[in-house]
Amino acid sequence: MGLPSYRDREDGVVEAAKYRVLVRAPKHVRLIDGIGYDQAATDAGREGDGT
């Protein structure tokens, strides 16, 4: 599931701020060979139960 978020700039223009994608590893994604889960940036455990 993708969750886009936007922000209003002071000049009145709306711009993309962030795009968060929720996936379940390793079912939906896999890491690049040579990269471990401890080296990949995630929000696991910050919001929800991380499952």
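Described below are features of the structure shown in this document. The residue numbering used here restarts from 1 in each chain and proceeds along that chain's sequence as written. This being a predicted model, a pLDDT of at least 70 is required before a residue's local features are given, and a value of 80 or more before pairs of side-chain atoms are given or counted; all residues contribute to the totals for chains, interfaces and linings. As a rule here, side-chain values come from all non-hydrogen atoms in the structure, and water together with hydrogens is ignored.

**Overview of the pairing of strand β2 (residues 14-21)**
(1) Moving on: Here a strand pair is declared whenever DSSP counts at least two bridges between the two strands. Runs of H or I in DSSP of at least four residues are treated as helices and runs of E of at least two as strands, each being numbered from the N terminus. Where strand β1 (residues 2-8) and β2 come together, 7 bridges link them in antiparallel fashion. Residue pairing in the sheet places P4 in a bridge with Y19 of β2.

**Section: the pattern of salt bridges**
(1) Moving on: For this analysis, a salt bridge means a side-chain nitrogen from Lys or Arg found within 4 Å of a carboxyl oxygen belonging to Asp or Glu. Tallying each qualifying case throughout the model produces 3 salt bridges.
(2) Moving on: With a closest N to O distance of 2.8 Å, R7 and E15 form a salt bridge.
(3) Moving on: The salt bridge involving E15 is made with R9; its shortest N-O contact spans 3.5 Å.
(4) Moving on: Look at E15 and you get partly exposed, because its relative accessible area is 24%.
(5) Moving on: Only protein chains enter the accessibility calculation, which uses a 1.4 Å probe. A residue is then buried if its area is under 20% of the maximum for its type, exposed if over 50%, and partly exposed in between. Overall, R9 belongs to the partly exposed group, its relative accessible area being 36%.
(6) Moving on: Taken together, the shared-partner salt bridges connect R7, R9, D11 and E15 into one network.

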